[in-house]
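Structural characterization, general
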Amino acid sequence: MSTWKGTLTVTPCAMRWKNWTFLQKMFAISGHIRLTAFGRNRETARLAARRKAGQTRSMKAFPIAVIAALFCWLTPMTAAAQKSEIYTSWRNNLAVDGYDVVSFHAGKPVKGRERYVTVYKDADWRFDTQANMDLFLMNPDAFVPQYGGYCAWAVAKQKLAPGKADYWHVEDGKLYLNYSKRVKKRWDALRDEFIEQSDRHWPALLNE
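A brief look at the structure comes next.

Cut-offs used in this document
Residues numbered from 1 in each chain as written. Predicted model: local features only at pLDDT ≥ 70, side-chain atom pairs only at ≥ 80, totals over all residues. Heavy atoms only, no water. Helix = DSSP H or I, 4+ residues; strand = E, 2+ residues; numbered from the N terminus. 1 Å grid on protein atoms, 1.4 Å probe; cavity = no way out; pocket = protein on both sides within 12 Å on 5 of 7 lines; lining within 4 Å. Points joined across faces, edges and corners; volume = space filled by probe spheres on them. Nonpolar A, V, L, I, M, F, W, Y, C, P; charged D, E, K, R; others polar. Buried < 20%, exposed > 50% of the residue type's maximum accessible area, 1.4 Å probe, protein only. Contact = heavy atoms within 4.5 Å. Arc of directions from axis to C-beta. Salt bridge = Lys/Arg side-chain N within 4 Å of Asp/Glu carboxyl O. Pairing = 2+ DSSP bridges. Core = buried A, V, L, I, M, F, W, Y, C linked by side-chain atoms within 4.5 Å.

Relative to the elements of secondary structure, Arg-182 occurs in helix α6 (residues 181-189). Separated by 15 residues in the primary sequence, Arg-182 and Tyr-167 place their C-alpha atoms 9.5 Å from one another.

So, about empty space enclosed by the protein. Summed over all chains, the structure comprises one cavity of 30 Å³ or more. Of the voids in this model, the largest cavity is the one considered here, and its volume is about 30 Å³. Forming the walls of the largest cavity are Tyr-87, Val-96, Asp-97, Gly-148, Gly-149, Gly-163 and Leu-177. Partitioned by chemical class, the residues of the lining of the largest cavity number three nonpolar, three polar and one charged.

Within the secondary structure, Lys-184 sits in helix α6. Its relative accessible area of 17% is what places Lys-184 among the buried residues. Excluding residues within four positions of it along the chain, Lys-184 makes contact with Tyr-167, Trp-168, His-169 and Asn-178.

Turning our eyes to something else, we now look at helix α7 (residues 191-201). An α-helical turn contains 3.6 residues, so any two residues separated by three or four positions project in the same direction. Burial in α7 covers these residues: Phe-194, Ile-195, Gln-197, Ser-198 and His-201. The buried residues of α7 all sit within an arc of 165 degrees when viewed along its axis, so they share a single face. More than 90 degrees from the buried face of α7, the exposed residues found are Asp-192 and Arg-200. Tucked inside the fold, the buried residues of α7 contact α5 (152-156), β6 (174-178) and α6.

Our next topic: the pattern of salt bridges. In total, this model carries seven salt bridges according to the counting rule given. Glu-171 is the salt-bridge partner of Arg-191, the closest N and O atoms lying 3.2 Å from each other. Taken as a pair, Arg-191 in helix α7 and Glu-171 in strand β5 (residues 164-171) lie far apart in primary sequence, 20 residues in all. Given the relative accessible area of 22%, Arg-191 is considered partly exposed.

Between Trp-202 and the following residue, Pro-203, the backbone shows a cis peptide bond with an omega angle of 0 degrees. Relative to the helices and strands, Pro-203 is located in the segment after α7. Although it is not a glycine, Val-96 adopts a positive phi angle of roughly 55 degrees. Within the secondary structure layout, Val-96 lies in the loop between α2 (40-81) and α3 (101-105). Overall, the relative accessible area of 5% leaves Val-96 in the buried class.

Inspection of the sheet shows strand β3 (residues 113-120) paired to strand β4 (residues 123-127) by five bridges, in the antiparallel sense. Among the inter-strand pairings, Thr-118 is bridged to a residue of β4, identified as Trp-125. Hairpin remark: β3 followed by β4, antiparallel, with two residues in the connecting loop; positive phi at Lys-121, about 55 degrees.

With that settled, consider the nonpolar core. One recurring pattern in soluble globular proteins is that nonpolar side chains are buried together. By size, the foremost hydrophobic cluster in this structure holds 19 residues, and its most contacted members are Val-96, Val-101, Trp-125, Phe-127 and Phe-136. Apart from the residues within four sequence positions on either side, Val-96 is in contact with Tyr-87, Val-101, Phe-104, Trp-125, Pro-145, Ala-165 and Leu-177. Listed in part, the 17 residues of the second largest apolar core include Ala-154, Ala-161, Leu-205 and Leu-206.

This brings us to the side chain of Ser-198. The residue Ser-198 is located in helix α7 in this model. Of the residues examined, Ser-198 reaches a relative accessible area of 1% and is grouped as buried. Apart from residues no more than four positions distant in its own chain, Ser-198 is found in contact with Tyr-147, Ala-152, Val-155 and Ala-156.

See below:
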């Protein structure tokens, strides 16, 4: 059987590049035919342009991905570092959701007004009247909610959770807040026991 060796000229215009590469390798391994491709340089340039465009898109997306990852990583650390003695919302610096803490002791909680505000323990406290604010300033600790306004039930469980003004209770002249109606119901069922537990954990819980 005779073996023919020569040059086959092929233009991969209508051929996918991976098929062209496979064909080239197949004949190169056989050693029978040497391939010369017109248009290969054009195809190579086109593929290089596509790769470059893809890399550009990746580089544009990279900073966004990095920022998002850093945000997710730093958020828990920031939250842990901001265990303030008084609970305030991340949206503002208002204590007790902006309610007048003196009004709880009167049995009818009301929202404080912007014009009656004072700062105590790095939190903003609003009041419904000038008289209530003056009363607070005479002895703030008599009106500040227990455990800094954090959920009383959660503190008993050695955890920190927001206390909500809607779920309050005053006992022995002390204001307690809980996170939700269901949580307050649990707390009310064993109130004395939970208060005793919370008192043991507070304020050391802030440093854990």
